[in-house]
Amino acid sequence: MCAEMLSIVTVQRQSKIPHLQSMLTCLDETALKFARVWIPDPEEVWKSAELLKDYKPGDKVLLLHLEEGKDLEYHLDPKTKELPHLRNPDILVGENDLTALSYLHEPAVLHNLRVRFIDSKLIYTYCGIVLVAINPYEQLPIYGEDIINAYSGQNMGDMDPHIFAVAEEAYKQMARDERNQSIIVSGESGAGKTVSAKYAMRYFATVSGSASEANVEEKVLASNPIME
C-alpha cells in the first residue's frame with residue numbers, strides 16, 4: 001500500500017501487541033496447528049501463512065503454507081526466538097475501529113487499513129479515540145456541506161470514521177465545557193496534514209455559522225510554513 005498515512009489524535013493511547021509466543025499460555029500446543037500467522041516479506045512487508053505442524057517449545061523451524069500455495073520452512077531468529085504474529089479471524093477484517101481486532105500489531109493494522117482502503121475505498125479508520133487517515137491522492141466527495149450536516153451533533157462512535165467526527169467532538173466539548181480543545185494532526189511529509197487541518201477548519205466554520213469559511217481555509221493554508 002503506497003498511500004501515506006497520518007493520525008489525528010486528541011489523547012495518546014497504548015495498546016498491547018500480542019504474538020504467537022504470548023498466546024502459548026492460553027492455547028494448547030496441539031491447537032496451534034493450522035493457526036494463521038504473519039511473517040515478514042521483503043516485497044509485501046507481511047505475508048499470511050498457516051502452520052502445517054504443531055509448534056513445540058524449542059523448535060527452530062516452522063513449517064508453513066503460504067496463501068499463494070507454496071510451503072515454506074520458516075527459520076526462527078536464533079537470538080530473539082520470536083514467533084510470528086497471529087492473524088485475526090476473517091470476520092474482524094475491515095473493522096472501522098482497530099481496537100475491535102483480537103490482535104493489534106503491525107501486520108494486523110496494515111492489513112485492516114489495506115482492506116478498508118482497497119476493497120471499500122474507505123480512508124478513515126478509528127483506533128479508539130485516534131483517527132487514522134490514508135491519503136488517497138485524489139479528491140473524494142466526502143467533505144461537502146451535506147456530510148458536515150450529517151456529522152453535526154452526532155457522537156464520535158455513532159458515525160463512520162471521519163475527520164468531521166473528530167472536529168465535532170472537539171467543537172461539542174468546547175461548547176459544553178467552555179474550555180479550549182486541541183486536535184493533534186501528525187504524519188510524514190505528504191501524508192495530508194494540512195488538508196486534514198483545512199477540512200477540520202471548514203467544519204468549524206460551517207457549524208458555527210461563519211460566513212468567512214473560505215477565508216478560514218486560506219488562513220490555514222497560509223500558515224502551513226509555520227506549522228511545518
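Residues numbered from 1 in each chain as written. Predicted model: local features only at pLDDT ≥ 70, side-chain atom pairs only at ≥ 80, totals over all residues. Heavy atoms only, no water.

Rule in force here: UniProt positions are given in the numbering used here, feature names are shortened, and annotations may be inferred rather than shown by experiment.
The name given to the protein chain in an unreviewed UniProt entry is Myosin VA, and the organism recorded there is Homo sapiens. In its Sequence similarities (unreviewed entry) section, the UniProt record describing the protein chain reads: "Belongs to the TRAFAC class myosin-kinesin ATPase superfamily. Myosin family."

**As for the sheet that holds strand β2 (residues 36-41)**
As a reminder of what qualifies: The pairing criterion for strands is at least two bridges between them, as found by DSSP. Labels follow the DSSP assignment, with helices taken as runs of H or I lasting at least four residues and strands as runs of E lasting at least two, numbered in each case from the N terminus. It only takes one pair of heavy atoms within 4.5 Å for two residues to be counted as in contact. Axes, fitted as lines to C-alpha atoms, cover a helix only where it is in contact. Angles between the N-to-C directions of the axes lie from 0 to 180 degrees.
The 5 strands are arranged β5-β4-β3-β2-β6 in an open sheet whose pairing can be described as antiparallel. Where the open sheet ends on each side, the last strands, each with one partner, are β5 (71-75) and β6 (85-86). Here β2 runs beside β6; their pairing, made up of 2 bridges, is antiparallel. Its bridge partner being in β6, W38 is matched across the sheet by H85. Seen against the sheet, helix α1 (residues 106-120) touches β2, β3 (45-51) and β6 and runs at an angle of roughly 105° to β3.

**Some remarks on the packing of aromatic side chains**
The geometry of an aromatic ring pair comes down to the distance between the two centres and the angle between the two planes. Inclusion rule: Note on aromatic contacts: the rings of Phe and Tyr and the six-membered ring of Trp form a pair at centre separations within 6.5 Å, being stacked when their planes are under 30 degrees apart, edge-to-face when over 60 apart, and tilted otherwise.
Using the criterion set out here, one finds 6 aromatic pairs in the structure. Among the aromatic residues, those joined into a ring-pair cluster are Y143, Y151, F164, Y171, Y199, Y203 and F204.

**Observations concerning helix α3 (residues 163-177)**
Quick reminder of the rule: For a helix, the expected span equals 1.5 Å multiplied by the number of residues minus one. Each residue's exposure class comes from its accessible area (1.4 Å probe, protein chains only) as a fraction of the maximum for that residue type: buried when under 20%, exposed when over 50%, partly exposed otherwise.
If you check α3, its first and last C-alpha atoms are 21 Å apart, about what 15 residues at 1.5 Å a residue would give, namely 21 Å. Three or more residues of α3 are buried, namely I163, F164, A165, V166, A167, E168 and A170. Trailing α3 by a residue or two, E178 shows a phi angle of about 55°, which is positive.

**Brief notes about the pairing of strand β7 (residues 124-127)**
With burial as the criterion, each face of β7 is covered, one bearing Y124 and Y126 and the other bearing T125 and C127. As consecutive antiparallel partners, β7 and strand β8 (residues 130-134) are separated by 2 residues, and within that stretch G128 has a phi angle of approximately 70°, a positive value.

**Topic: unusual backbone geometry**
One non-glycine residue, K121, adopts positive backbone phi at about 60°. In this fold, K121 is placed in the loop between α1 and β7. Given the relative accessible area of 65%, K121 is considered exposed. Phi is positive for Y137, close to 55°, though the residue is something other than glycine. Positionally, Y137 belongs in the loop between β8 and α2 (145-151). Look at Y137 and you get exposed, because its relative accessible area is 52%.

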